[in-house]
Amino acid sequence: MALDRKSADFLLALGLACAGAAIAWLLTGGLPAIGIDDAAITRSYAENIANGAGYVYNVGGERVEGSTAFLWVGILTLAYWLTPAPELAIILLCGVFTLTAIYITLRLVRALCGWLNIAPAPAVWILSVCLAASPGYFMWSVWTMMELALWSMILIWMVYLLARLVEGDGGRSNTVCLLAAAALMPLVRPEGIVTALGLLILSGIIAPRFWRAVAGPVAVAITAFVAVTSFRLSYFGQPFPNTFYAKVSSDKLQGLADGLKYLFDFLLRSPFAEIFVAIWLGGAIWAMAATVQNRPGARALLVTGAAIFGILMAYAALGGDHFTLWRFYQPIAPLMPIGVSLLIAGAPSAVAAAPVRGAAKSAAAAAAAGAFIIGWMQYYQARFDIRKEYTLVEQGLSFGRFLNRIEPRPTIGVGPAGGIALAYDGEILDLLGLNWVEMAHANPVKVGMRNHASFDKATFWKHAPDVLAAFNRACAKDKSLAFWPHADTAFDGLFSDENFRRAYVPVAFLQGADCWPGFAKPEWLIRTGPGTAIKPYDWADVKVME
């Protein structure tokens, strides 16, 4: 019995999601089921909420929203309420969201083919090849435990619903779903309100006869945004997540310059990105002219293209970020190949003539193999940068568990703030400001590492933690200490500061074969008493690596 198209698309999406996740895992040599450090930060908030401590980074500490995705925190809170170890459940949920995002994309492609009078089968398979050649999407959406899969799914869902609406193919269920998508967009990420309103208003402009169907979702999106902003103001005292103040510089020109570098780096280095964007640019120009002529499918193309270009420019305006494989642009990865899929599938029918059909199939197979090689090799070359994100969590978990055995428990200052928060029961000061309101607001102009440039010396000295933990750095093989100048730069030259060297002692925290470097106040070291777990050094013994 032949499968109907929806069932076939679901099975194809399931296969792509499973294969993509497996390829992403295999090409890195295996990824631990712990997510990345930023995801661990979000998980720590969810765990605290589930345990009744409130929306806080430190139990008993200040209210601070160091997690950007409000809805994702709510979902993870439910997971932690159900079980104290929800890691596998979270990864499975991310896989389900990824599967759904791909399924909706396949439905969108079939709909576009119908409106544009293009054979859907070639377009669907070209899109499938492009997705299978993009393991970075599956790494970010499935394995990181970030909100990316949820954001990708809701965004693509809204694009699909609006495409149906502007083509006059939306019924009552489409309207209800559009209201739901509009309500969720501002809750997934703060920029969701701008994205939702932009797409909705564009749809109302290019299809004015459906303005009533657009007005409702606009009102719902604004209401959802006002509600979550009101909650933030009443609970945290500020309208945006603390991550916004920690990452985004008040120097808008510098932020835009950094963001444009991020965009061009993506276009020039991400496999096929420049081709996809060039085709979408041409498609958008064609669609604008075709919309004036009222051609079927043109308006849907405009909505889809607007989502792609809107996301590209929005994150360029926000300054981009430092993560490998262009994390901010991964949510639109399923949408990017749609243009080339439609272009090739809609090529002159002469290509399908019998004398050249075999040659066309051979060429298609070779092209698919080439796409896999290019996409997989680029991802494989980034495997060390990818694994580093997971190693930060492992290091934080190990050091946090070790530190729980030390008495008195120190207040610690940290750089990577995720894994350590899941393990350590003492007070943690996030020196990069993501989870510390005062540090995030200390310097409005951010200079230094992109999205991690909020460290302020005056704020550090005001609160001077007992220990500055450098657990993400390794001791030398002989257990001696070393640091690199670029690590010192992240903290505004703190390690080389004479005041710091008078107030802190270099130490190595030791547990069996494990050794974590750090710096501790002498008075705290005296209170810990004698033992072999903490070894102090003279500053003269610390090596500065070139």
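For the structure, check the block above.
These notes cover the structure that comes with them. Once a new chain begins, its residue numbering starts again from 1 and follows that chain's sequence as written. Selection of residues for local features in this predicted model requires a pLDDT of at least 70, selection of side-chain atom pairs for listing and counting requires 80 or more, and totals for whole chains, interfaces and linings are taken over all residues. In computing side-chain properties, one takes all heavy atoms of the structure into account and sets aside hydrogens as well as water.

Let us look at the packing of aromatic side chains. Aromatic rings from Phe, Tyr and Trp, with only the six-membered ring used for Trp, were paired whenever their centres fell within 6.5 Å, and each pair was classed as stacked if the ring planes differed by under 30 degrees, edge-to-face if by over 60, and tilted otherwise. This structure, assessed with the given rule, holds 39 aromatic pairs. Relative to Phe244, the ring of Phe240 lies with its centre 5.2 Å away and its plane at 40°, an arrangement referred to as tilted. The partly exposed category is assigned to Phe240, whose relative accessible area is 32%. Through successive ring pairs, a cluster of aromatic residues spans Phe455, Phe460, Trp461, Phe495, Phe500, Tyr504, Phe519 and Trp539. Ring-over charges, as used throughout, are those where CZ of Arg or NZ of Lys falls within 6 Å of the ring centre and within 35 degrees of the ring normal. The lysine or arginine in question, Arg63, covers the ring of Tyr235, its NZ or CZ lying 4.0 Å from the ring centre. Over the ring of Tyr380 we find Arg383, and its NZ or CZ is 3.8 Å from the ring centre. For every residue, the accessible area obtained with a 1.4 Å probe (protein chains only) is divided by the maximum for its type, and the residue is called buried under 20%, exposed over 50%, and partly exposed between those limits.

Looking now at the nonpolar core. Here, nonpolar core means buried Ala, Val, Leu, Ile, Met, Phe, Trp, Tyr and Cys residues that are tied together by side-chain atoms lying within 4.5 Å of each other. The biggest cluster of nonpolar side chains holds 120 residues, and the ones touching the most others in it are Met139, Met158, Tyr329, Leu335, Ile338 and Leu342. Setting aside its immediate chain neighbours within four residues, Met158 contacts Leu178, Ala181, Ala182, Met185, Ala196, Leu199 and Leu200. Of all hydrophobic cores here, the second largest spans 29 residues; its members include Val64, Ala469, Phe471 and Leu525. Pairs of residues are marked as contacts when any of their non-hydrogen atoms sit within 4.5 Å.

Glancing now at the pairing of strand E6 (residues 514-520). Two faces make up the sheet, and in a regular strand the side chains alternate between them. Strands here are runs of E lasting at least two residues and helices are runs of H or I lasting at least four, both read from the DSSP assignment and numbered beginning at the N terminus. Burial within E6 is extensive, with 6 of its 7 residues counted as buried. With 3 bridges joining them, strand E3 (residues 467-469) and E6 adopt antiparallel strand pairing. Bridge pairing in E6 links Ala469 to Gly518. Criterion used throughout: strands pair if DSSP finds at least two bridges between them. As paired strands, strand E5 (residues 505-511) and E6 are joined by 7 bridges and run antiparallel to one another. By the bridge assignment, Val507 is partnered in E6 with Gly518. Hairpin remark: E5 followed by E6, antiparallel, with 2 residues in the connecting loop; positive phi at Gly512, about 60°.

Let's shift gears to unusual backbone geometry. Omega for the bond connecting Glu407 with Pro408 falls within 30 degrees of zero, at -5°, which places this linkage in the cis form. The topology assignment puts Pro408 in the loop between helix H17 (383-403) and strand E1 (412-414). One non-glycine residue, Met145, lies in the positive phi region at around 70°. Counting through the fold element by element, Met145 comes out in the loop between helix H6 (135-143) and helix H7 (148-166). Within the chain, Leu325 stands out as a residue other than glycine whose phi angle is a positive 65°.

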